[in-house]
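Descriptive structure summary
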Amino acid sequence: MASAARTIASRRTERIDIAKINHQYFISYLEMGVGQYTNKDVGVFSLMKLFSSGPVQLKMRIDDSYFITSKVMGALIINTRGTGSQSDGSIGNPQDGFLDLLLLERINKFGVIQNRADVISGYYERIPGATVIRCKKIEILEPLNQKIFIDGKETFKTPAKIEVIPNKFRMIVGKDRTF
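Residues numbered from 1 in each chain as written. Predicted model: local features only at pLDDT ≥ 70, side-chain atom pairs only at ≥ 80, totals over all residues. Heavy atoms only, no water.

**Some remarks on the pattern of salt bridges**
Scanning all chains against the criterion turns up seven salt bridges. Residue R134 is joined to D100 by a salt bridge in which the shortest nitrogen-to-oxygen separation is 3.3 Å. One end of the pair, R134, is in strand β8 (residues 131-135); the other, D100, is in strand β7 (residues 99-104), and 34 residues separate them in sequence. A salt bridge links K147 to E154, with the nearest nitrogen and oxygen atoms 3.9 Å apart. Classification of E154 by relative accessible area gives partly exposed; the value is 36%. Here the salt bridges share partners, and the residues they tie into one network are D96, D100 and R134. (Salt bridge = Lys/Arg side-chain N within 4 Å of Asp/Glu carboxyl O. Helix = DSSP H or I, 4+ residues; strand = E, 2+ residues; numbered from the N terminus. Buried < 20%, exposed > 50% of the residue type's maximum accessible area, 1.4 Å probe, protein only.)

Written as structure tokens, this is what we have:
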């Protein structure tokens, strides 16, 4: 509580990007597949069970320029990560004008155990074979009715349009805050 009061008292404001899925705005990230368990307490055996199910084939249009099709176990569309993130800032920077699309392909049981912390924390970019695409607009076309989650709560289903709106939001931040 005291740190919140100090943050507000310092009155440092920053402009950040906001993202939009269909007609709803969000600041953080969207989750699909095993991504819905990001930052949740999931044991090793539960995680291996999740990865034993089949992958989902996503078809997407990126930046109105090209289509991609990929079989994935999970996907994250990140505008920003939480305040406690241990990232180097290259993924999930809400001031760069981009969304980061992270796709996690199927990995074997040993890979699940070896990369458990990164799977659960949503740091797919640290997992060998994961794909990272920086873009401004994503249209998820297929499969139809694929669940999309925000903070573990089902919010939307595909098809969906997601886009970033740069510098749309002003936020009071701590004086040492970096994104």
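From this point on, the discussion continues.
**Concerning the environment of L102**
When you line up the elements, L102 lands in strand β7. Here L102 falls in the buried class, since its relative accessible area comes to 0%. Once residues within four sequence positions are removed from consideration, L102 is found in contact with G74, A75, L76, I78, R81, I91, G122, Y124, E125, T131 and V132. (Contact = heavy atoms within 4.5 Å.)

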